[in-house]
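Each chain, letter by letter, is given below.
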Amino acid sequence: MAEIKLAAQVRTEFGKGAARRARRAQQVPAVVYGHGAESVHITLPAHELQLALRTANVLIGLELDGKDALVIPKAVQRNPLKGDIEHVDLLTVKRGEKVNVEIAVHVEGDLAPGGNLLEYVQNTLLVEAEATHIPESVTVSVQGLDAGASIHAKDIPLPKGSVLAGDEDAIVLQVVAAQAEEPAADAAEGEGAEA
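What comes next is a walk through the structure. Computed from a predicted structure; not experimentally measured.

### Brief notes about the overall build of the protein chain
Line of reasoning, step 1. If you tally the helices and strands in the protein chain, you get three helices and 14 strands.
Line of reasoning, step 2. Here the protein chain has a C-alpha radius of gyration of 24 Å; the compact-globule value for 195 residues is 16 Å, and the former is much larger.
Line of reasoning, step 3. Overall, the C-alpha framework of the protein chain stretches about 80 × 50 × 25 Å when taken along its three principal axes.
Line of reasoning, step 4. Looking at the protein chain residue by residue over its 195 residues, the buried ones come to 32%.
Line of reasoning, step 5. Taking all contacts inside the protein chain whose residues are at least 6 apart in sequence as the whole, residues at least 24 apart take part in 63%.

### Description of the environment of A165
Line of reasoning, step 1. Along the polypeptide, A165 turns up in the loop between β13 (163-164) and β14 (171-177).
Line of reasoning, step 2. The exposure class of A165 is partly exposed, given its relative accessible area of 33%.
Line of reasoning, step 3. Remark: the alpha-carbon pair of A165 and V127, spanning 38 residues in sequence, is separated by 4.6 Å.

### Section: the nonpolar core
A general trend in soluble globular proteins is that nonpolar side chains are found buried together.
Line of reasoning, step 1. Of all hydrophobic cores here, the largest spans 20 residues; its most connected members are I72, V93, V99, V101, L125, I156 and V172.
Line of reasoning, step 2. Counting only elements with at least two residues in this core, the list comes to β6 (67-78), β8 (98-108), β10 (124-130), β11 (137-141) and β14.
Line of reasoning, step 3. Ranked by residues supplied to this core, first place goes to β8 with four residues.
Line of reasoning, step 4. Excluding anything up to four places from it in sequence, V93 contacts H35, L59, L70, V71, I72, V99 and A131.

### Considerations on the pattern of salt bridges
Line of reasoning, step 1. In total, this model carries one salt bridge according to the counting rule given.
Line of reasoning, step 2. D169 serves as the salt-bridge partner of K154, at 3.0 Å between the closest nitrogen and oxygen. Of this pair, K154 sits in the loop between β12 (150-152) and β13 while D169 is found in the loop between β13 and β14, placing the two residues 15 residues apart along the sequence.
Line of reasoning, step 3. We classify K154 as partly exposed; its relative accessible area is 47%.
Line of reasoning, step 4. Look at D169 and you get partly exposed, because its relative accessible area is 42%.

### As for the sheet that holds β14
Line of reasoning, step 1. Spatially, β9-β14-β12 is the arrangement adopted by the three strands of the open sheet, whose pairing is antiparallel. Two strands bound the open sheet, and with one partner strand each, they are β9 (116-120) and β12. Sheet twist, expressed as the mean angle between neighbouring strand axes with direction ignored, is 15 degrees.
Line of reasoning, step 2. Alignment of β9 against β14, held across five bridges, turns out to be antiparallel. Across the sheet, Y120 pairs through a bridge with L173, a residue of β14.

### Brief notes about the sheet that holds strand β2 (residues 9-10)
Line of reasoning, step 1. One open sheet accounts for seven strands, arranged β1-β5-β6-β7-β3-β4-β2; its pairing is mixed. Because the sheet does not close on itself, it has two edges, and the strands there are β1 (3-7) and β2.
Line of reasoning, step 2. Those strands touched by helix α1 (residues 16-24) are β3 (27-34), β4 (37-45) and β7 (85-93), and its axis lies near 120 degrees from that of β3.

### Looking at α1
Line of reasoning, step 1. Of all the residues in α1, the buried ones are A18, A19 and A22. Around the axis of α1, the buried residues are gathered within 100 degrees of arc, so they sit on the same side. Summarising the geometry of α1, the exposed residues directed more than 90 degrees from the buried face are K16 and R24.
Line of reasoning, step 2. Here the buried face of α1 lies against β3 and β4.
Line of reasoning, step 3. Downstream of α1 by a residue or two, Q26 has a phi angle that is positive, lying close to 60 degrees.

### Notes on unusual backbone geometry
Line of reasoning, step 1. Of note in the backbone geometry, Q26 takes a positive phi value of approximately 60 degrees without being a glycine.
Line of reasoning, step 2. Inspection of the secondary structure puts Q26 in the loop between α1 and β3.
Line of reasoning, step 3. Classification of Q26 as exposed rests on a relative accessible area of 53%.

Reading guide: rules and limits
Residues numbered from 1 in each chain as written. Predicted model: local features only at pLDDT ≥ 70, side-chain atom pairs only at ≥ 80, totals over all residues. Heavy atoms only, no water. Helix = DSSP H or I, 4+ residues; strand = E, 2+ residues; numbered from the N terminus. Rg over C-alpha atoms; globule rule 2.2 N^0.38 Å. Buried < 20%, exposed > 50% of the residue type's maximum accessible area, 1.4 Å probe, protein only. Contact = heavy atoms within 4.5 Å. Core = buried A, V, L, I, M, F, W, Y, C linked by side-chain atoms within 4.5 Å. Salt bridge = Lys/Arg side-chain N within 4 Å of Asp/Glu carboxyl O. Pairing = 2+ DSSP bridges. Axes fitted to C-alpha atoms, helices over the stretch in contact; angles between N-to-C directions. Arc of directions from axis to C-beta.

Fair warning: the whole summary comes from geometry, so function is off the table for now.
Below you can see the structure in the form of structure tokens.
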């Protein structure tokens, strides 16, 4: 995974008014924490941050007061109407350090014929991986699976260097039979008998 560089500035003002002023200036308020160090309140350029966060679990290299720090996003707050980023929590990481992150689950292949439906019980998996080698996603084959089949977390092949950090017996995907609807003709007959 490529590292994305962002220039950060230390925040000296706090509160709603200060956050609004920062957003009007195309900056996003953020906080950096981790490794027992005191939290650092910063602002980041909104457009560059928006582009960086398009990649799940992106590794960000912060340039702050002449020092470099590696961080990953832990929580992103967005405006519910506009979708703009309002605040970000960033976790400091070190090269070689293991972190727990959620990665997306993608499927490939076709289910067995017969109108079966694939249900995502979980659309992410919690894995432990090196901070500089976080996988973006895992792909699971559902080729030929029939109703009643399920795929557990332990059944999903993980990328090299990653291990499952969540419940290995958790169901991630399951195949269910399509439900048949009652014919509309029966309902019409019942209405005619009442009249």
